[in-house]
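Reading the structure
Listed here are the chains, written in short residue letters.
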Amino acid sequence: MIIALSATGGTPAEQVHGQLRGLITTGRLAADERLPSVRQLASDLGVAPGTVARAYKQLEEEGLVVSRRGAGTRVSRSATPVSRAVAEAARALAAAARRDGLSPEDAERVLRAMW
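Now for a description of the structure that goes with this document. This structure is a prediction, so every number in the text was calculated from the model and none was measured. (Residues numbered from 1 in each chain as written. Predicted model: local features only at pLDDT ≥ 70, side-chain atom pairs only at ≥ 80, totals over all residues. Heavy atoms only, no water.)

This model, assessed by the stated rule, comprises five salt bridges. The partner of R77 in a salt bridge is D32, and the shortest N-O contact between them spans 2.9 Å. Residue R77 is found in the loop between β2 (72-75) and α4 (84-99), and its partner D32 is found in the loop between α1 (12-25) and α2 (38-45); the two are separated by 45 residues along the sequence. Note on D32: relative accessible area 35%, which makes it partly exposed. A salt bridge links R112 to E108, with the nearest nitrogen and oxygen atoms 3.0 Å apart. With R112 and E108 both in helix α5 (residues 104-114) and four residues apart, the pair spans about one turn of that helix. You can call E108 partly exposed: its relative accessible area is 39%. (Salt bridge = Lys/Arg side-chain N within 4 Å of Asp/Glu carboxyl O. Helix = DSSP H or I, 4+ residues; strand = E, 2+ residues; numbered from the N terminus. Buried < 20%, exposed > 50% of the residue type's maximum accessible area, 1.4 Å probe, protein only.)

None of this, on its own, says anything about what the molecule does.
Structure follows, in structure tokens:
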């Protein structure tokens, strides 16, 4: 699992949440797969444990992960990934938007306009 934080991608908690959400919805993190502990991921990213805890809590509220004391945090069995075609189209949009210098917000506006 690769998560990278940037100075321009929102708060660290937003970035952790968004990237994990993406990994889950694209199927790169499968149902029942265990996520790193809050402390481990915080250490890996160089952020406070509360930052990762906030991201995990939001994912849990969205039904994407399940946390249990002693068992850790795992991807929910009810979290369903998008189809391969949608994931590939999203990757293509993201790559094209980056090449053209668009922000994620601008790319989202384009997608919403096309919808």
